[in-house]
Each structure stands twice: as C-alpha cells, then as structure tokens.
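# Descriptive structure summary
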Amino acid sequence: MLESALYECPYCGEEVETTVDLSGGDQTYIEDCQVCCQPIKFVLQVHGEDWFLEVFSENE
C-alpha cells in the first residue's frame, strides 16, 4: 500500500513529497533529497492503520 508523505529536508529545510510503501512494515532506508541531493535517512514505522515517517541527516 503506497501513501504520500511530506517531510522537511534536514539539510536544506525544503518541504518535499515522497511516496512510502506501507506493505513492507517498519523500514529504515537512505534516499537523496529531491532538492539538494543530500542523503537522508528515512525511518518508517507502521502500526496497523497508523504510520509515522521520521527523517534524519546521514550523520544523526
């Protein structure tokens, strides 16, 4: 199940939209910011119908 999510880049501060795949459950992955191309660590937590996305700079 795909969902759209907004996040604020920890490097450039821009608000960016991404798509998350909830069918895989909890996930941690790295993706480059679509604006400044810096690597962002995404932490997706899925709890039934609820889900939470957190983003961190690569050094955090």
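Residues numbered from 1 in each chain as written. Predicted model: local features only at pLDDT ≥ 70, side-chain atom pairs only at ≥ 80, totals over all residues. Heavy atoms only, no water.

### A closer look at the pairing of strand β4 (residues 39–47)
- Both strand β3 (residues 27–32) and β4 contribute to a ladder of six bridges, which runs antiparallel. The partner of Glu31 across the bridge, within β4, is Ile40.
- Linking two consecutive strands that pair antiparallel, namely β3 and β4, is a turn of six residues; a positive phi of about 70° is found at Cys37 within it.
- Sheet topology places β4 next to strand β5 (residues 50–57); eight bridges connect them, and they run antiparallel. Looking at the pairing, Gln45 lines up with Phe52 of β5. (Pairing = 2+ DSSP bridges. Helix = DSSP H or I, 4+ residues; strand = E, 2+ residues; numbered from the N terminus.)

### Remarks on the side chain of Thr18
- If you trace the backbone, Thr18 turns up in strand β2 (residues 15–21).
- Of the residues examined, Thr18 reaches a relative accessible area of 6% and is grouped as buried.
- At a separation of 3.4 Å, a polar atom in the side chain of Thr18 contacts the side chain of Glu31.
- Filtering out sequence-adjacent residues up to four positions away, Thr18 remains in contact with Glu3, Ser4, Ala5, Tyr7, Glu31, Phe42 and Leu53. (Buried < 20%, exposed > 50% of the residue type's maximum accessible area, 1.4 Å probe, protein only. Polar contact = N/O pair within 3.5 Å; in protein donor to acceptor, adjacent residues only side chain to side chain. Contact = heavy atoms within 4.5 Å.)

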